[in-house]
Amino acid sequence: MSEMTAYALEEYGDPDNFAETTVEVPEPGPEEIRVEVAATSLNPVDYKIRRGDLADIGPEMPAILHCDVSGVVDAVGEDVEAFEAGDEVYGMPGGAGRQGALAEYVVGNAGTFARAPEAIPLEESAALPVVALTAWEMLADKTTVDIGEEVLVYGASGGVGHIGVQLAKWFGAEVTATGSSDEKRELAAELGADTTVDYTETDVERYVEEHASGAGFDTVFDPIGDAHLETAFEAARPFGTVVTTESSAAAELDLSPMHMNSLELGVVLVILPVILGERQERIGEELADIAALVDDGAVEPHIDERFGFDEVADAHRLGEDGDFVGKLLLVNE
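Residues numbered from 1 in each chain as written. Predicted model: local features only at pLDDT ≥ 70, side-chain atom pairs only at ≥ 80, totals over all residues. Heavy atoms only, no water.

### Thoughts on the overall build of the protein
Along the backbone of the protein there are 10 helices and 16 strands. With the C-alpha coordinates aligned to their principal axes, the bounding extent of the protein is approximately 65 × 40 × 35 Å. Counting over 333 residues, the protein shows a buried share of 56%. Here the contacts in the protein between residues at least 6 apart in sequence split such that 67% fall between residues at least 24 apart. Element-wise, carbon and sulfur atoms account for 43% of the exposed surface of the protein, whose accessible area totals about 14,100 Å². Each charge class in the protein can be summarised by its mean position, and for the 17 positive and 70 negative side chains these summaries are 3 Å apart. (Helix = DSSP H or I, 4+ residues; strand = E, 2+ residues; numbered from the N terminus. Buried < 20%, exposed > 50% of the residue type's maximum accessible area, 1.4 Å probe, protein only. Contact = heavy atoms within 4.5 Å. Areas by Shrake-Rupley, 256 points an atom, 1.4 Å probe, with all protein chains shown as cover. Lys, Arg positive; Asp, Glu negative; His and termini not counted. Charge placed at Lys NZ, Arg CZ, Asp CG, Glu CD.)

### A word on the sheet that holds strand 11 (residues 195–197)
Pairing is parallel in the open sheet, where six strands are placed in the order 11-10-9-12-13-14. The sheet is open, and its two borders are formed by strand 11 and strand 14 (264–268), each paired with just one other strand. Each adjacent strand pair in this sheet contributes to an overall mean axis angle of 20°, direction not counted. Two elements, strand 9 (residues 150–153) and strand 10 (residues 174–178), share four bridges in a ladder whose sense is parallel. By the bridge assignment, Val151 is partnered in strand 10 with Val175. In the packing of helix 3 (residues 159–170) onto the sheet, the strands contacted are strand 9, strand 10 and strand 12 (217–222), and the crossing angle to strand 10 comes to about 165°. (Pairing = 2+ DSSP bridges. Axes fitted to C-alpha atoms, helices over the stretch in contact; angles between N-to-C directions.)

### Regarding the packing of aromatic side chains
In the structure shown here, the tally under the stated rule is four aromatic pairs. With a centroid separation of 6.4 Å and 40° between ring planes, the pair formed by Trp136 and Trp170 is classed as tilted. One end of the pair, Trp136, is in helix 2 (residues 129–140); the other, Trp170, is in helix 3, with 34 residues separating them in the sequence. Classification of Trp170 by relative accessible area gives partly exposed; the value is 43%. Aromatic ring contacts, followed pair by pair, group Trp136, Trp170 and Phe171 into a single cluster. Of note, Arg34 hangs over the ring of Tyr105, and the distance from its end group to the ring centre comes to 5.8 Å. (Phe/Tyr/Trp six-rings, centres within 6.5 Å; stacked < 30°, edge-to-face > 60°. Lys NZ or Arg CZ within 6 Å of the ring centre and 35° of its normal.)

### Considerations on the packing of helix 2 against helix 3
One way to put it is that helix 2 packs onto helix 3 with a least axis distance of 8 Å and a crossing angle of 45°. Considering their axes alone, helix 2 and helix 3 lie oblique with respect to each other. For helix 2 against helix 3, the interelement crossing comes out right-handed. Contacts between helix 2 and helix 3 involve Val131, Ala132, Thr134, Ala135, Trp136, Met138 and Leu139 from the former and Gly159, Val160, Ile163, Gly164, Leu167, Ala168 and Trp170 from the latter. The residue makeup of the contact of helix 2 with helix 3, split by class, is 11 nonpolar, three polar and no charged. (Parallel < 35°, antiparallel > 145°, perpendicular 65-115°, else oblique. Left-handed = near helix turned anticlockwise from the far one by under 90°. Nonpolar A, V, L, I, M, F, W, Y, C, P; charged D, E, K, R; others polar.)

### Some details on the pairing of strand 10
Every other side chain in a regular strand lies on the same face of the sheet, so the side chains alternate between the two faces. Where burial is concerned, most of strand 10 is hidden: four out of the five residues are buried. As a crossover connection, the stretch from strand 9 through helix 3 into strand 10 is right-handed. The sheet contact formed by strand 10 and strand 11 spans three bridges and is parallel. What sits directly across from Ala177, in strand 11, is Thr196. The handedness of the strand 10 to strand 11 crossover, carried by helix 4 (residues 182–190), is right-handed. (Right-handed = clockwise from strand over helix to strand, strands pointing away.)

What follows is the structure in structure tokens.
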């Protein structure tokens, strides 16, 4: 076995730039494992790299993208003790900084993997790593949500948001979720949100008054960023917390509301350990915790549509259009 099929980019740009190609099967280093890929899923970081927006963190050309993966361990490096051939795993080993999962096999640091949840099919666990790790770090690392606290979740039907709703409920919070359509708000309610808000029809002052007693939310969970971050500052109570993702980094914002209310701001870039090659074991540790939550029934990925690897261009087009809820899964058929 010296060659494998991959779907790679020769140049950044349009989704049609993906092409089926043949490349060498990667060999695991001493601290790495090789996984036969069952599935991957689409995240905004994947199509931003493909477009060239984040080309500085993309893999070398021909670039094999996608950070999320689930599959079966095929080979282990000589220093790896945590896994052996045949283990079913999921993880976030590449796609940014190194080759990713759109191939028959992927190699990554053993610390970026955990044993896959048993309560869902192996391929579906590929919908979790990026979004679940992001939501976990936003709610369990950048802040601590206590029982009875009021949490506002933006983008509650999106990839990170739909996991954020479930985690916030698991922590015992009272969750208000936003959505721009009946379908999105219905999903948020099904996932456990106590109340939902159509933010296109209701301004922030009104939903703070109606759902946070006029005082503001203890935590505002913002996986969207940009203009949403401005309203997040308005929605948070004095001494409250706003947690957000890297998508807000380019926004030019007035931070005076944050200052005047002594807010805490937490920012998560979940792929940074893979890009830097540092603290990668944290990924596997957190994924093990998330798998336990899935097996306990506290968290479940919502998969809107499935694609084959040969339909990756279609998946990227839909992902950029945003006309879906939850996650888009790509299965190595």
